[in-house]
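The residues making up each chain are set out below.
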Amino acid sequence: MFRLATIAALGLSAIALSACTTTGEAANQQYTVSGKIAYRERIALPPSAQIEVRLDDVSLADAPARNIARQAFGADGQQVPIAFLLRFDRSAIDAKHSYAVSARITGDDGKLMFITDTRNSVAFDGASEIDLGTLNLVKAN
């Protein structure tokens with residue numbers, strides 16, 4: 001009887017420990033894409049400027065891009081280069097698709113000031129943290 005209770009207790013402990021392992025793996029199922037945004041013009045951002053950085057699935061040329069992650073925040077007096085960080089679940093990524101990051105800065109009146117004009121591709125090749133370096137924005141006309 002004692003032996004049966006011991007075996008049952010060990011079995012339950014093993015199940016509990018395997019559940020902990022699964023939970024730990026779930027925490028590691030995220031990607032992080034980071035970098036900085038900057039522009040060449042010697043223009044200070046107004047304190048009320050708004051910044052938006054997006055990661056989109058750009059696989060289909062004839063369809064709108066599907067947003068995967070987005071970070072939007074106020075400049076609050078901060079000047080370029082300004083860091084960004086996008087976190088999202090790995091399940092949102094399809095290895096057969098193409099992804100790109102874009103950024104924009106709008107003024108306090110909502111008018112576009114700066115925007116990325118080149119494709120900033122992101123390759124998800126196994127690394128969970130991807131640093132894109134500095135994305136260069138151009139002045140909007």
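Cut-offs used in this document
Residues numbered from 1 in each chain as written. Predicted model: local features only at pLDDT ≥ 70, side-chain atom pairs only at ≥ 80, totals over all residues. Heavy atoms only, no water. Helix = DSSP H or I, 4+ residues; strand = E, 2+ residues; numbered from the N terminus. Buried < 20%, exposed > 50% of the residue type's maximum accessible area, 1.4 Å probe, protein only. Contact = heavy atoms within 4.5 Å. Areas by Shrake-Rupley, 256 points an atom, 1.4 Å probe, with all protein chains shown as cover. Phe/Tyr/Trp six-rings, centres within 6.5 Å; stacked < 30°, edge-to-face > 60°. Core = buried A, V, L, I, M, F, W, Y, C linked by side-chain atoms within 4.5 Å. Polar contact = N/O pair within 3.5 Å; in protein donor to acceptor, adjacent residues only side chain to side chain.

Chemist: Please explain the overall build of the protein chain as it appears in this structure.
Modeler: Tallying secondary structure elements over the protein chain gives one helix and eight strands in all. Listed by position from the N terminus, the elements making up the protein chain come as α-β-β-β-β-β-β-β-β. When the 141 residues of the protein chain are sorted by exposure, 30% land in the buried category. The long-range share in the protein chain, meaning contacts at least 24 apart out of those at least 6 apart in sequence, stands at 66%. For the protein chain, the accessible area works out to roughly 9200 Å², and carbon and sulfur atoms hold 54% of it.

Chemist: Quick question: what am I supposed to make of the packing of aromatic side chains here?
Modeler: The relation between two aromatic rings is expressed through the spacing of the ring centres and the mutual angle of the planes. If you walk through the whole model with that rule in mind, you get five aromatic pairs. Between Tyr31 and Phe124 the ring centres are 4.7 Å apart and the planes differ by 50 degrees, which places this aromatic pair in the tilted class. Highlighted residues: Tyr31 in strand β1 (residues 30-39) and Phe124 in the loop between β7 (120-122) and β8 (129-139), separated in sequence by 93 residues. Between the aromatic rings of Phe88 and Phe124, the centroid separation amounts to 5.9 Å while the plane-to-plane angle is 90 degrees, which identifies the pairing as edge-to-face.

Chemist: Please clarify how unusual backbone geometry should be interpreted in this entry.
Modeler: Peptide bonds are mostly trans, and most non-glycine residues show a negative phi. Here the bond from Val80 into Pro81 is cis, since omega is 0 degrees, no more than 30 degrees from zero. Its place among the elements puts Pro81 in the loop between β3 (66-74) and β4 (82-89). Although it is not a glycine, Asp76 adopts a positive phi angle of roughly 50 degrees. Along the chain, Asp76 turns up in the loop between β3 and β4.

Chemist: Explain the environment of Ala83 to me, please; I cannot follow it from the model alone.
Modeler: As for its position among the elements, Ala83 is in strand β4. A residue is classified by how much of its surface remains accessible, and Ala83, at 49% relative accessible area, is partly exposed. Sequence spacing of Ala83 and Ser34 is 49 residues, and the spatial spacing of their C-alpha atoms is 7.4 Å. The contacts of Ala83, once residues within four sequence positions are left out, are Gly35, Lys36 and Phe73.

Chemist: What exactly am I supposed to notice about the nonpolar core here?
Modeler: In globular proteins that are soluble, nonpolar side chains generally tend to be buried together. If you look at the biggest cluster of nonpolar residues, it comprises 29 residues, and the most contacted ones within it are Ile37, Leu45, Leu55, Phe88, Val101, Ile105 and Phe124. Elements that contribute at least two residues to this core include exactly β1, β2 (50-57), β3, β4, β5 (99-106), β6 (112-116) and β8. Residue contacts for Ile105: discarding those within four places in its chain leaves Ile37, Tyr39, Leu45, Ala49, Gln50, Ile51, Lys111, Leu112, Met113, Phe114 and Leu137.

Chemist: Before we go on, may I ask you to explain the side chain of Asn120 in this structure?
Modeler: Mapping Asn120 onto the fold places it in strand β7. Take Asn120: its relative accessible area is 14%, and that puts it in the buried class. A distance of 3.2 Å separates the side chain of Asn120 from the backbone oxygen of Thr118, its partner in a polar contact. Apart from residues no more than four positions distant in its own chain, Asn120 is found in contact with Tyr99, Ala100, Val101 and Leu135.

All we've got here are geometric facts, nothing functional implied.
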